[in-house]
Amino acid sequence: AVVSTQSTGGYSVVVPSLPGLGFTDPPAVTGVTPAIMACAYHKLMCKLGYQKYVIHGGDWGAIIGTMLTYTYPEHVIGLHITMNNPTNFGWRNILQTIVGTVAPSLVYTTKQEQDFIHPILGLGDRMYKQFAYFHAQSCIPDCYGFGLVDSPTGLIGWIGMIYSAVSRARDQPLDAGIKNFGMDNICANLSIFWAMRNAQASMRIYYEFWWNDRDMMENYTIPSVPVALSNFPWEILHITKFVSKRTYGNIKQYTYHDRGGHFSNIDNTEAVVGDLTSFIALIS
């Protein structure tokens, strides 16, 4: 969809669906990786008449946006993301987190940053419990996918589990994520998944990324394009600003918020819009 009205601040907003998600048909062949999607979105923008543009993304949009910026930096005015490059979570981040436990002042620039990462045991437990879906969808997506296409109860359980897990604080019960995300939002998403029968297709992107793009993305560096990162406390994975600079060399804006999770566009829309608006003003 392309929207350009007074409600968007005078900007033209292009909102493409990922292949196999939303109302978009799944790819007809295997091997359609996030990197290929990034190239397709750049071509789309050029066909629409936008040779230069600002990218915003969360979840897969953050990964694809990073890939697009890396591949076509001369066309990207700025990149705003609500999820850090997950391939940054390597030995550097682990070592820094351990050092930060003993000597926080050597690692963290603010108390907020320290609180987002620690306690380590809580972060580790959260990742262990919540990354099961990622492992399953990265390794055997078809085994789960075909079952979810065939069972509305299975689809509700799987999607509801993911939304709940990534939309709640560490000390909140599992069902708190449902309340934070909003039942109307969950029902709307479930309705689209069921009507389009694309649960299986939507899982393929995990497999394609893990087995094709992951190692490549570990070496990404974006030295000059302005970048803004918005950090939310219920996000699955937190990475320090120091480590973030390994990928994003020109970080212009780095914000922390007291509410919101992996799908912050929905559970803290105001903060996301505010960060994006201020970032565009900053780089204009």
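Residues numbered from 1 in each chain as written. Predicted model: local features only at pLDDT ≥ 70, side-chain atom pairs only at ≥ 80, totals over all residues. Heavy atoms only, no water.

**Considering the environment of Thr66**
Alright, step 1. With respect to the secondary-structure elements, Thr66 resides in helix H2 (residues 60–71).
Alright, step 2. Judged by relative accessible area, which is 0%, Thr66 ranks as buried.
Alright, step 3. Leaving out residues up to four positions away in the same chain, Thr66 has contacts with Leu79, Ile81, Met217, Tyr220, Ile222, Thr247 and Tyr248.
Alright, step 4. Looking at Thr66, its side chain comes within polar contact range of the main-chain oxygen of Ala62, at 2.8 Å. (Helix = DSSP H or I, 4+ residues; strand = E, 2+ residues; numbered from the N terminus. Buried < 20%, exposed > 50% of the residue type's maximum accessible area, 1.4 Å probe, protein only. Contact = heavy atoms within 4.5 Å. Polar contact = N/O pair within 3.5 Å; in protein donor to acceptor, adjacent residues only side chain to side chain.)

**Some words on a nonpolar patch on the surface**
Alright, step 1. On the surface, a nonpolar cluster with roughly 460 Å² of combined accessible area is contributed by Trp91, Leu95, Val99 and Leu106.
Alright, step 2. On the secondary structure map, Trp91 appears in helix H3 (residues 91–102). (Patch = residues over 30% accessible without salt bridge, like charges linked within 9 Å, V, L, I, M, F, W, Y side chains within 5 Å. Areas by Shrake-Rupley, 256 points an atom, 1.4 Å probe, with all protein chains shown as cover. Salt bridge = Lys/Arg side-chain N within 4 Å of Asp/Glu carboxyl O.)

**A word on the packing of helix H8 (residues 152–165) against helix H10 (residues 183–196)**
Alright, step 1. With their axes 10 Å apart at the nearest point, H8 and H10 run at an angle of 135° to one another. What the angle tells us is that H8 and H10 run oblique. Considering only the axes of H8 and H10, their crossing is right-handed. Taking contact as the criterion, the partners of Pro152, Leu155, Ile156, Ile159 and Tyr163 in H8 are, on H10, Ile186, Asn189, Leu190, Phe193 and Trp194.
Alright, step 2. Residue composition of the contact of H8 with H10, grouped by class: nine nonpolar, one polar and no charged. (Axes fitted to C-alpha atoms, helices over the stretch in contact; angles between N-to-C directions. Parallel < 35°, antiparallel > 145°, perpendicular 65-115°, else oblique. Left-handed = near helix turned anticlockwise from the far one by under 90°. Nonpolar A, V, L, I, M, F, W, Y, C, P; charged D, E, K, R; others polar.)

**Side note on the sheet that holds strand E5 (residues 227–231)**
Alright, step 1. Taken together, the four strands give an open sheet; going across it, the order is E3-E4-E5-E6, and neighbouring strands pair in parallel fashion. The two strands at the open ends of the sheet, each matched to only one other strand, are strand E3 (53–57) and strand E6 (251–256). For this sheet, the mean angle separating the axes of adjacent strands, direction not counted, is 10°.
Alright, step 2. Judged from the three bridges that link them, strand E4 (residues 76–81) and E5 form a sheet pairing that is parallel. The residue bridging Leu79 from the neighbouring strand is Val227, located in E5.
Alright, step 3. H2 rests against E3 and E4 of the sheet, and its axis sits at about 155° to E4.
Alright, step 4. Across the face of the sheet, helix H14 (residues 269–283) comes into contact with E3, E4, E5 and E6 while running at roughly 155° to E4. (Pairing = 2+ DSSP bridges.)

**Some remarks on the confidence of the model for the protein chain**
Alright, step 1. For the protein chain, per-residue confidence averages 87 on the pLDDT scale, and residues scoring 70 or more make up 90% of the total.
Alright, step 2. Highest mean pLDDT in the protein chain belongs to E4 (98); lowest belongs to strand E1 (residues 2–3) (62). (pLDDT = per-residue confidence, 0-100.)

**Quick look at the packing of helix H1 (residues 34–47) against H2**
Alright, step 1. Between H1 and H2, whose axes approach to 8 Å, the crossing angle comes to 70°. Judged by the angle between their axes, H1 and H2 are roughly perpendicular. In this structure, H1 meets H2 at a crossing whose hand is right-handed. Across from Pro34, Ala35, Met37, Ala38, Tyr41 and His42 in H1, the residues of H2 making contact are Trp60, Ile64, Met67 and Leu68.

**Remarks on the nonpolar core**
Alright, step 1. By size, the foremost hydrophobic cluster in this structure holds 53 residues, and its most contacted members are Met67, Leu68, Trp158 and Tyr248.
Alright, step 2. Not counting chain neighbours up to four residues away, the residues in contact with Trp158 comprise Tyr133, Ala136, Gln137, Tyr144, Leu148 and Met203. (Core = buried A, V, L, I, M, F, W, Y, C linked by side-chain atoms within 4.5 Å.)

**Details of the pattern of salt bridges**
Alright, step 1. Tallied over the entire structure, the rule returns four salt bridges.
Alright, step 2. Where Glu208 meets Arg204, a salt bridge forms, and the shortest distance between an N and an O atom there is 3.2 Å. Here Arg204 and Glu208 lie together in helix H11 (residues 199–217), a separation of four residues that amounts to about one turn. In this pair, the class of Glu208 matches that of Arg204, namely buried.
Alright, step 3. For Arg259, the salt bridge is made with Glu270, and the minimal N-O distance between the two is 4.0 Å. Here Arg259 is found in the loop between E6 and helix H13 (264–267), whereas its partner Glu270 is found in helix H14, with 11 residues between them in sequence.
Alright, step 4. Since its relative accessible area comes to 36%, Arg259 is described here as partly exposed.
Alright, step 5. Classification of Glu270 as exposed rests on a relative accessible area of 58%.
Alright, step 6. Each of Asp142, Arg204 and Glu208 takes part in one network of salt bridges that share partners.

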